[in-house]
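# Architecture at a glance
Okay, here's what each chain looks like letter by letter:
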Amino acid sequence: MFERIRSRLGRGSQQTGAAVAEGNIPRHVAIIMDGNGRWAKTRGLPRVAGHHSGMKTVKRITMAASELGVEYLTLYAFSTENWKRPKAEVEFLMKLPQEFLAIELDELIENNVQVRMMGYKEDLPDYTLDAVEQAVRRTAGNTGLVLNFALNYGSRKEMTDAVRMLCEDAAAGLIRPEEITEKHFEARLLSNGIPDPDLLIRTSGELRISNFMMWQLAYSELWFTDVYWPEFTEAHFHEAIGEYQRRTRRYGGL
Ligand code: IPE
Ligand code: IPE
Ligand code: MG
């Protein structure tokens, strides 16, 4: 497998061929795909051109993650706060899943990728939800990389909802408050069943979490780059993973 990665990297990015070591691949990589608008601006293009270009990066990094044997790739595609953007931009973003899947779904299936969605379905337009749900259905039996789209996702809402569910269960006598553990809370998060991210990547130079997986990232390794998402390549991805492999995770221990 690693020979294959090196030979792929041979096309112009040799120096990163050695960046990823054998073994110790993060099981779950989460990415805050940021900087599409600024990328477009530097080229004198409309912001949406950046979102469109960012779609190609999604494809590239999905394949790179799949080849490395990453088990889960969570991509922050739209936050619960992104509705604040101008209507036309929101509409454009809502049309991207449909376009992306129309182009890429067959190849994702060929590569045994399983598509999932993590987010609030109720506010999404029908055409967005239909496209995503169809992809989820068609790939449900696949056993390769789980490509988890965080779409209309927000950590505060996720955690508030989990607390509400626990309160309802307690009020209904299904659980006693003193019995509640982290496991009960986690089971009510949208990420239920998915391990915590081992590595979080954020592009575009912003050094913040922006309401993304705040519970799940408690012990994730964080890696930031100034590169805008449309320019993020396999080589950058390998660089992040290489650095992850050189870190020591202690989880509060020694
Ligand atoms: C990330 O790029 C995509 C989404 C948040 C949907 P941005 O649109 O945030 O790009 P910048 O940060 O304005 O450059
Ligand atoms: C985070 O990026 C959301 C996504 C990448 C989908 P934003 O661009 O919305 O974050 P802020 O507003 O800069 O914190
Ligand atoms: Mg941004």
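Going by the structure above, here's the rest.
These remarks concern the structure in this document. (Residues numbered from 1 in each chain as written. Chains lettered and ligands numbered in written order. Predicted model: local features only at pLDDT ≥ 70, side-chain atom pairs only at ≥ 80, totals over all residues. Heavy atoms only, no water.)

### Details of the pairing of strand β6 (residues 221-224)
Judged by which residues are buried, β6 turns out to be one-sided: Glu221 and Trp223 face inward and are buried, whereas Leu222 and Phe224, on the alternate face, are not. In this structure, strand β5 (residues 199-202) lies alongside β6, joined through 4 bridges in parallel fashion. Paired with Arg202 across the strands is Phe224, a residue of β6. (Buried < 20%, exposed > 50% of the residue type's maximum accessible area, 1.4 Å probe, protein only. Helix = DSSP H or I, 4+ residues; strand = E, 2+ residues; numbered from the N terminus. Pairing = 2+ DSSP bridges.)

### Looking at the packing of aromatic side chains
Counted under the stated rule, the structure contains 8 aromatic pairs. Ring geometry for Tyr76 versus Tyr153: centroids 6.1 Å apart, planes at 80°, classification edge-to-face. With Tyr76 in strand β2 (residues 72-79) and Tyr153 in strand β4 (residues 146-153), the pair connects residues that are 77 residues apart, well separated along the chain. For the residue pair Tyr76 and Tyr153, the accessibility class agrees, reading buried in each case. On the numbers, 4.5 Å between centres and 55° between planes, the contact of Phe185 with Trp215 is tilted. Pair noted here: Phe185 is in helix α7 (residues 182-186) and Trp215 is in the loop between β5 and β6, with a separation of 30 residues, a long-range link. In textbook terms, an aromatic cluster arises when at least three aromatic residues are bridged by ring pairs, as seen for Tyr76, Tyr153 and Phe212. The positively charged end of Lys157 is found above the aromatic ring belonging to Tyr120, 4.4 Å away from the centroid. (Phe/Tyr/Trp six-rings, centres within 6.5 Å; stacked < 30°, edge-to-face > 60°. Lys NZ or Arg CZ within 6 Å of the ring centre and 35° of its normal.)

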